[in-house]
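What follows is each chain in one-letter form.
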Amino acid sequence: MSRKRRLDVESPSVSEVIEVAKEPSVGLRLRAKRVKSRRASESASLAAQEQNQGKMMLAGLIDIEERTARLEKAEIEEEARTVVGILQSPLVVQNRFVRSKAAAVLATLLCSPHCVGAVVDQGVEELLLQLKRDESWDVKSQIVVALAKIAPCVSERTLIDELAAVAKTIVGERYHAVRSSALRLICSLAVREGATQETQRLLSQFAHDRDNRVRQSALSSLLYLHTEGVKLDLPVYDNACECLKDDSEAVRLKALRIVQIIGVSFPDNPVPLQDDVSTEIRLVDDAFVKICNMVNDLSMQVRAQASRLLGLFKGVGFQFLEQTLDKKLMSHLRKKKTEHEKRKERHAAGRSTAGWDSGRQWGSGWSQDNLNPDSISLMNQGACGAFVHGLEDEYLGMIEFVHTQT
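This is a predicted model, so every value here is computed, not measured.

Student: What am I meant to see in the overall build of the chain here?
Tutor: Along the backbone of the chain there are 19 helices and 4 strands. The 406 residues of the chain split such that 39% are buried. Pairs at least 24 apart in sequence give 67% of the contacts found in the chain among residues at least 6 apart. When the accessible surface of the chain is summed, it comes to about 24,400 Å², and 53% of that surface belongs to carbon and sulfur atoms.

This is the structure in structure tokens:
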């Protein structure tokens, strides 16, 4: 009896046998652990090898870029083919830094005066292919910047048309750097082919982009057109005036310059007042007033730029120049009176000195006199005393700017 009870105690149950059978053996677990460790070490060594190759390629590209100015024509063409080979190499597929640097170096080589003809066209074709197959937004942006740099050197007409089509396609991408680069490419092609009103209108539209870096790029492209001898059109003026209220300091700085350029280019063109459409003033006077208003900007750089640009105007009306030296308090384009002066006028006219009408009796309160048209200023509130405000600025740089302009 005791023997039977001892056997019952020592013999395992069926469920215990099944659970033991399900568990992997210790040897299998160790073998699986060694395989995982081996695979991890192999992937780590492969990653380190790819990283080292990437560093070597970057070092080689930097060396080529530094030697570009000293290379001869045959050497430049050979180095350009080398960079194209790097772009086509499968080793750089996972390294976006190498691809970006290769595009920049290729643009530097192809823009060399010794590199002309078929080599430039082949390099542009390779960059266009890389742009289509690349998935990195940063690399795409760098490729478009390289294309914008090479565009003036392209000789084949079909490539120029393809570049224009690509620029119009990618200018609507969601990544800000790609949109900014596309605007640069459009500007570069416009300088080569001649900037039309449609091109300037497109650039002006992106001056209201949701990203301030794109807005800055759009205004920079318009300024680049001006430096290349392209006359900015009048419709650009309204967009530039709206950009004077932009949150970005860089955007306001560039908008100031565009307003001054167009104001000087079309001095006698009539424009309606902002608050009174029926009244018109000259464009040079309107631009002068808007830049005077920016003397009160929160940014010292914007105030200094506005003060500097005021000295570049010619032919501004004398009444506008006179008001810039008259520091008066203005409210809704009228002179602002103190409360004591208002009560004194109401008392002299036999009216109640109370500030507000009680509303209990018809006509018990006082009404404002009819305004004299001569007392209304056509200028913006901030334009009054622009030079005086500048001379009283807390920054020495502003005082020096205003002193040189007055």
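Student: Help me out: how do you make sense of the side chain of Thr68 in this one?
Tutor: Structurally, Thr68 can be placed in the loop between helix H3 (26-67) and helix H4 (73-88). Residue Thr68 is classed as buried on the basis of its relative accessible area of 8%. Within the structure, the side chain of Thr68 is placed 2.8 Å from the backbone oxygen of Ile64, a separation counted as a polar contact. Setting aside its immediate chain neighbours within four residues, Thr68 contacts Ile76, Thr108 and Leu109.

Student: Looking at this model, I keep getting lost on the packing of aromatic side chains. Mind explaining?
Tutor: Aromatic ring pairs are defined here through the distance separating the ring centres and the angle between the ring planes. Per the stated rule, a full pass over the model turns up 2 aromatic pairs. When the centroid spacing of 6.2 Å and the interplanar angle of 35° are considered together, the rings of Trp137 and Tyr175 count as tilted. Here the residue Trp137 occupies a position in helix H7 (residues 137-150), and Tyr175 occupies one in the loop between helix H8 (157-170) and helix H9 (176-193), the gap between them amounting to 38 residues. Residues Phe288 and Phe313 carry aromatic rings whose centres are separated by 5.6 Å and whose planes lie at 85° to one another, so their mutual orientation is edge-to-face.

Student: Mind showing me how you'd approach the pattern of salt bridges here?
Tutor: A pair can form between side chains of opposite charge whenever their charged atoms are brought close. Within this structure, the stated rule accounts for 15 salt bridges. Each member of the salt-bridge network shares a partner with another, and the members are Asp63, Arg67 and Glu79.

Student: Is there a simple way to explain the environment of Gly263 in this structure?
Tutor: Counting through the fold element by element, Gly263 comes out in helix H13 (residues 249-265). Taking relative accessible area as the criterion, Gly263 reaches 0% and is therefore assigned buried. Residues contacting Gly263, with those up to four places away along its chain left out, are Leu283, Val284 and Ala287.

Student: Just checking my understanding: could you explain the environment of Met57 for this structure?
Tutor: Secondary-structure assignment places Met57 in helix H3. Considering only alpha carbons, one finds Met57 and Lys101, 44 residues apart in sequence, at a separation of 9.5 Å.

Student: Before we go on, may I ask you to explain the packing of helix H14 (residues 283-293) against helix H15 (residues 300-310) in this structure?
Tutor: How two helices pack is summed up by the angle between their axes together with the distance between the axes. For the pair H14 and H15, the least separation of the axes is 8 Å and the interaxial angle reads 150°. The orientation of H14 relative to H15 falls into the category roughly antiparallel. With respect to the hand of their crossing, H14 and H15 are arranged in left-handed fashion. Here Phe288, Ile291 and Cys292 of H14 come into contact with H15, specifically with Ala306, Leu309 and Leu310. Among the residues making up the contact of H14 with H15, the classes are represented as 6 nonpolar, no polar and no charged.

Student: How should I be thinking about H9 in this particular structure?
Tutor: Spacing of three or four residues puts side chains on the same side of an α-helix, whose turn is 3.6 residues. The terminal C-alpha atoms of H9 lie 26 Å apart, and with 18 residues this matches the ideal 26 Å at 1.5 Å per residue to within 8%. With 14 of its 18 residues buried, H9 lies for the most part within the structure. Just beyond H9, the residue with positive phi is Gly194, at close to 100°.

Student: Looking at this structure, I do not really get the packing of H8 against H9. What am I missing?
Tutor: Packing of H8 against H9 brings their axes to within 9 Å, and their N-to-C directions diverge by 145°. Relative to H9, the crossing made by H8 is left-handed. Contact residues: H8 offers Arg157, Ile160, Leu163, Ala164, Ala167 and Ile170, while H9 offers Val178, Ala182, Leu185, Ile186, Leu189, Arg192 and Glu193.

Student: Would you take a moment to explain the confidence of the model for the chain for this structure?
Tutor: If pLDDT is low for a region, its predicted coordinates should not be looked at in detail. Confidence along the chain averages 76 in pLDDT terms, with 67% of residues attaining 70 or more. Taken element by element, the chain is modelled with least confidence in strand S3 (residues 330-331), mean pLDDT 42, and with most confidence in H13, mean pLDDT 94. Here residues 329-335 is modelled with pLDDT under 50, and outside its nearest four sequence neighbours on either side it reaches 18 contacts, counting other chains as well. This stretch, residues 374-380, has a pLDDT under 50; its non-local contacts, to residues over four places away or in other chains, come to 16 contacts.

Student: Looking at this model, I keep getting lost on the state of the cysteines. Mind explaining?
Tutor: Each disulfide consists of one covalent bond between the sulfur atoms belonging to two cysteines. In total, this model carries 0 disulfides according to the counting rule given. Here Cys243 stays unpaired: no disulfide links it, and the sulfur of Cys241, its closest cysteine neighbor, is 9.2 Å away.

Student: For this particular structure, what's the right way to read H4?
Tutor: For H4, which comprises 16 residues, the first-to-last C-alpha distance of 23 Å matches the rise-based estimate of 22 Å (1.5 Å per residue) to within 8%. Among all positions of H4, only Ile76, Glu77, Glu79, Ala80, Val83, Val84, Ile86 and Leu87 are buried.

Student: Looking at this structure, I do not really get the nonpolar core. What am I missing?
Tutor: One broad rule of soluble globular proteins: the nonpolar side chains tend to lie buried together. Judged by nonpolar contacts, the single largest core of 92 residues is most densely connected at Val124, Leu127, Leu147 and Ile258. Setting aside residues up to four positions removed in sequence, Ile258 forms contacts with Leu219, Leu222, Leu223, Leu232, Val236 and Ala240.

Student: Whenever I open this one, the environment of Pro235 confuses me. Can you help?
Tutor: With respect to the secondary-structure elements, Pro235 resides in helix H12 (residues 235-243). According to the relative accessible area criterion, Pro235 is exposed, its value standing at 60%. Placed 35 residues apart in sequence, Pro235 and Gln200 show a C-alpha to C-alpha distance of 8.7 Å.

Student: Explain the side chain of Ser204 here, please?
Tutor: Mapping Ser204 onto the fold places it in helix H10 (residues 197-205). Here Ser204 falls in the buried class, since its relative accessible area comes to 2%. If near-sequence neighbours (up to four positions away) are discounted, Ser204 is found in contact with Leu222, Val236 and Asn239.

The rules behind these values
- Residues numbered from 1 in each chain as written.
- Predicted model: local features only at pLDDT ≥ 70, side-chain atom pairs only at ≥ 80, totals over all residues.
- Heavy atoms only, no water.
- Helix = DSSP H or I, 4+ residues; strand = E, 2+ residues; numbered from the N terminus.
- Buried < 20%, exposed > 50% of the residue type's maximum accessible area, 1.4 Å probe, protein only.
- Contact = heavy atoms within 4.5 Å.
- Areas by Shrake-Rupley, 256 points an atom, 1.4 Å probe, with all protein chains shown as cover.
- Polar contact = N/O pair within 3.5 Å; in protein donor to acceptor, adjacent residues only side chain to side chain.
- Phe/Tyr/Trp six-rings, centres within 6.5 Å; stacked < 30°, edge-to-face > 60°.
- Salt bridge = Lys/Arg side-chain N within 4 Å of Asp/Glu carboxyl O.
- Axes fitted to C-alpha atoms, helices over the stretch in contact; angles between N-to-C directions.
- Parallel < 35°, antiparallel > 145°, perpendicular 65-115°, else oblique.
- Left-handed = near helix turned anticlockwise from the far one by under 90°.
- Nonpolar A, V, L, I, M, F, W, Y, C, P; charged D, E, K, R; others polar.
- Expected span 1.5 Å × (residues − 1).
- pLDDT = per-residue confidence, 0-100.
- Disulfide = S-S within 2.5 Å.
- Core = buried A, V, L, I, M, F, W, Y, C linked by side-chain atoms within 4.5 Å.

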